[in-house]
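Here is what each chain is made of, one letter per residue.
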Amino acid sequence: TLKHFPGYGSNPDTHTGVAIDKRSLDSFRERDFLPFQAGIDAGAPCVLVSHNVVESMDDELPASLSPAVHERLREELGFTGLALTDDMAMDGVKRYTGEQSPYVMALLAGNDLITTSEIETPYEDILAAVKDGSLPEETLDRAVFRVLAFKLSTGILAE
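Residues numbered from 1 in each chain as written. Predicted model: local features only at pLDDT ≥ 70, side-chain atom pairs only at ≥ 80, totals over all residues. Heavy atoms only, no water.

Enquirer: Account for a nonpolar patch on the surface, naming residues and giving values.
Expert: Taken together, Val144, Leu148, Leu152 and Leu157 make up a surface patch of nonpolar side chains, about 350 Å² in accessible area. Positionally, Leu148 belongs in helix α6 (residues 137–154). (Patch = residues over 30% accessible without salt bridge, like charges linked within 9 Å, V, L, I, M, F, W, Y side chains within 5 Å. Areas by Shrake-Rupley, 256 points an atom, 1.4 Å probe, with all protein chains shown as cover. Salt bridge = Lys/Arg side-chain N within 4 Å of Asp/Glu carboxyl O. Helix = DSSP H or I, 4+ residues; strand = E, 2+ residues; numbered from the N terminus.)

Structure follows, in structure tokens:
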């Protein structure tokens, strides 16, 4: 697993607070994206997305909740594997979710897996969002497809 996309730089720890990254997009392309691109080109199956707010990509949401950041990962870097969040219980993400479920926001942003110590709340939130239509089944299906493809490719799913 490559981490912490799109790059951490010298930002503070998002376990205990918010990290606002003010670097330019060119700076990411010239530095931070390089090891990610090398890992993707080498076949890394997973990328963990940070909770840093990267102003040059999305000045409102942490990377883990940002469709714009996931678009860079998928389209600009060509990543087709599993995107997963950093721990959703970290302080660096809580401030940005308001009344919305962070788990649903993470899936809508483009994550396939959610890292959390909770089980019931994410399940209930995701199920409710699918039922009320705020989380399209296609979004969930795409994530499930990537998870199953990963499991199949690694031998986790035995015939």
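From this point, the discussion proceeds with the structure in view.
Enquirer: Residue-level account of the packing of aromatic side chains, with values.
Expert: Taken as a whole and assessed by the stated rule, the structure comprises three aromatic pairs. Taken together, a centroid distance of 5.5 Å and an interplanar angle of 15° make the contact between Phe5 and Phe33 stacked. You can see Phe5 sitting in strand β1 (residues 2–5) and its partner Phe33 sitting in helix α1 (residues 25–41), a full 28 residues away along the chain. For the pair Phe5 and Phe33, a shared accessibility class is recorded, and that class is buried. Aromatic side chains Phe28 and Phe33 sit 6.1 Å apart centroid to centroid with 50° between the ring planes, which places their arrangement in the tilted category. Taken individually, Phe28 and Phe33 each receive the classification buried, so the pair is uniform in this respect. (Phe/Tyr/Trp six-rings, centres within 6.5 Å; stacked < 30°, edge-to-face > 60°. Buried < 20%, exposed > 50% of the residue type's maximum accessible area, 1.4 Å probe, protein only.)

Enquirer: Break down the layout of surface pockets for me, citing the residues and quoting the values.
Expert: Of the voids in this model, the largest pocket is the one considered here, and its volume is about 190 Å³. As for the largest pocket, its lining consists of 14 residues, and the residues nearest its centre are Leu108, Ala109, Gly110, Arg142 and Arg146. For the lining of the largest pocket, the secondary structure elements donating two or more residues are α2 (67–76), α4 (102–109) and α6. In terms of residue class, the lining of the largest pocket is made up of five nonpolar, four polar and five charged. (1 Å grid on protein atoms, 1.4 Å probe; cavity = no way out; pocket = protein on both sides within 12 Å on 5 of 7 lines; lining within 4 Å. Points joined across faces, edges and corners; volume = space filled by probe spheres on them. Nonpolar A, V, L, I, M, F, W, Y, C, P; charged D, E, K, R; others polar.)

Enquirer: Can you explain α6? Please cite residues and give values.
Expert: For α6, built from 18 residues, the straight-helix expectation of 26 Å at 1.5 Å per residue is met to within 8% by its first-to-last C-alpha distance of 26 Å. Of the residues making up α6, those classed as buried are Thr139, Ala143, Arg146 and Val147. End-on view of α6: buried residues confined to an arc of 95°, all on one side of the axis. Looking at α6, the residues exposed on the side facing more than 90 degrees away from the buried face are Glu137, Glu138, Phe145 and Leu152. Where α6 is buried, its residues contact α2, β5 (82–85) and α4. Gly155 sits one or two residues past α6 and shows a positive phi near 85°. (Expected span 1.5 Å × (residues − 1). Arc of directions from axis to C-beta. Contact = heavy atoms within 4.5 Å.)

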